[in-house]
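Below, each chain spelled out in residue letters.
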Amino acid sequence: MDKVVLAFSGGLDTTVCIKLLEEKYNLDVITACVDVGQPKKEIDKAENVAEKIGVFKHYNIDAKEEFANDFISRGIKANAVYEGYPLSTSLARPLIAMKIIKIAEKEGAVAIAHGCTGKGNDQFRFESVIRSMSNFRIIAPIRELNLTRTEEQEYARSHGIPLSPDSKFSIDENIWGRSIEGDVIEDPKNEVPKEAYLWVKSDKEANNEPEKISIDFEAGIPIAINDEKMSLIDLIAKANEIAGNNGIGKIDIIEDRMVGLKSREVYEVPGATLIIKAHKGLEGLVFTKDELRFIDYVSPLYADLVYNASWSEPLREDLDKSIDYMQRRLTGKIVLSLYKGHISILTRESKFSLHDIKQISFEDKENDQREIEGMIKHHGIQAAIYQKQKH
Ligand code: ARG
């Protein structure tokens, strides 16, 4: 039989897909779980489910380092945030697609399958990368059969698919954040139930004393927390823990999806919130006014490209090159205070700082204040002429 490689998480959608691909598409299913930092028990669950159902073959691919170094790092350098969401799910999708293509090539599969519904953004993100990097046929069983979540559950039950009594929410978790959708959260009239949050403490439970923390950056990337050097992946984990304990990083937004639908989306992104705040804080010290305007312009553009499934776009590559070039100067240290959901910047320093303490000081006598008079006379010349013409 022909083989298909299914991007597999062990959740309801992709588990149902295994049986659908066998039954309705007559294919042997190879499941591939790409580890971008979802909880260990989720990875294990995927393996167990694949084994229980008896798939042709199961792969578990550790892509955490690549995710941090080649994807999250770009999100950090670009301050990539879409409508308040630091793109944790969005950034992982192209990498997952790339890994699945590799397996499909190795296995001589005829197709690649994913479990996305026809309502979300992830179908675009997977398929745009698969189409731009391969010629595999793409199968999206849930979308193609127009299945609802309830229909999926019924199909699972009638086909002996083990359904774990896991969260009623649809969760997508990786090292950069946790996306929470579905159930009562779908309706913006409902408050988010407390149990939806796992990473970020409520203000009440958060630390009762402000916590001081320093972050060192090198060429746009955080390299140390509290003077302890660590890999980006460990640093993000640490940032998640510290910021989460201080109630930082709960995002509850009305998000505009690619398909035009508005959707209530909830995220826990403590580390991302802290790191991007620190990154931006240091940028103010290092870049010129014009460079900062450019960053303000490029940041949402970059975030749109990531959100809107345009990882393969030449503009994304062009921007990465220019951002990398600028960010080579973003080296320095920032100290912040975290307290019950708030972050305040305490100090910033950088060897590339454009701040001149001598010149800005009120005590400076070397730069004669009177020299500015000529500039002042010229400032607003055109406006002055215009105002006088009015009379
Ligand atoms: N709305 C987000 C995005 O498009 C997250 C989707 C997460 N999926 C989930 N099953 N919770 O990037």
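Note that the structure is predicted; figures quoted are calculated from it, not measured. (Residues numbered from 1 in each chain as written. Predicted model: local features only at pLDDT ≥ 70, side-chain atom pairs only at ≥ 80, totals over all residues. Heavy atoms only, no water.)

Re unusual backbone geometry
Stage number 1. One non-glycine residue with positive phi stands out, namely Asn 146, at about 50°.
Stage number 2. Positive phi values are uncommon outside glycine, yet Lys 340 reaches one of about 40°.
Stage number 3. Among the structural elements, Lys 340 can be located in the loop between β13 (332-339) and β14 (342-349).
Stage number 4. In this structure Lys 340 comes out as buried when scored by relative accessible area, which is 17%. (Helix = DSSP H or I, 4+ residues; strand = E, 2+ residues; numbered from the N terminus. Buried < 20%, exposed > 50% of the residue type's maximum accessible area, 1.4 Å probe, protein only.)

Notes on the sheet that holds strand β6 (residues 170-174)
Stage number 1. Strand order in this open sheet of four strands is β6-β7-β12-β11, and the pairing throughout is antiparallel. Single-partner strands in this sheet number two, and they are β6 and β11 (250-256). Across the sheet, the mean angle from the axis of one strand to that of its neighbour is 25°, orientation sign disregarded.
Stage number 2. As paired strands, β11 and strand β12 (residues 262-268) are joined by seven bridges and run antiparallel to one another. (Pairing = 2+ DSSP bridges. Axes fitted to C-alpha atoms, helices over the stretch in contact; angles between N-to-C directions.)

What to know about the sheet that holds strand β5 (residues 137-139)
Stage number 1. With parallel pairing, five strands are arranged side by side in an open sheet as β3-β2-β1-β4-β5. At either margin of the open sheet sits one strand with a lone partner, and together these are β3 (57-62) and β5. Here the strands of the sheet are splayed against their neighbours by 25° on average, with no regard to which way each runs.
Stage number 2. Where strand β4 (residues 111-113) and β5 come together, three bridges link them in parallel fashion. From the neighbouring strand, Ala 113 faces β5, where its bridge partner is Ile 139.
Stage number 3. Contacting β1 (3-7), β2 (28-35), β3 and β4, helix α4 (residues 88-107) runs over the sheet at an angle of about 145° to β2. (Contact = heavy atoms within 4.5 Å.)

So, helix α2 (residues 40-53)
Stage number 1. Counted at 1.5 Å a residue, the expected span for α2 with its 14 residues is 20 Å, and the 20 Å between its end C-alpha atoms agrees.
Stage number 2. When α2 is considered as a whole, its buried residues turn out to be Ile 43, Ala 46, Val 49, Ala 50 and Ile 53. For α2, the buried positions fall inside an angular range of 125° around the axis, keeping them on one side. Facing away from the buried surface of α2 by more than 90 degrees, the exposed residues are Lys 40, Lys 41, Glu 51 and Lys 52.
Stage number 3. Tucked inside the fold, the buried residues of α2 contact α1 (12-23), β2 and β3.
Stage number 4. Looking one or two places after α2, you find Gly 54, whose phi comes out positive at around 80°. (Expected span 1.5 Å × (residues − 1). Arc of directions from axis to C-beta.)

Focus on the nonpolar core
Stage number 1. With 80 residues, the main nonpolar core has Phe 67, Leu 87, Trp 176, Ile 215, Leu 274 and Leu 336 as its most contacted residues.
Stage number 2. In terms of residue count, the dominant contributor to this core is α4 (nine residues).
Stage number 3. With 26 residues, the next largest nonpolar core counts Ile 18, Ala 113, Ile 139 and Tyr 155 among its residues. (Core = buried A, V, L, I, M, F, W, Y, C linked by side-chain atoms within 4.5 Å.)

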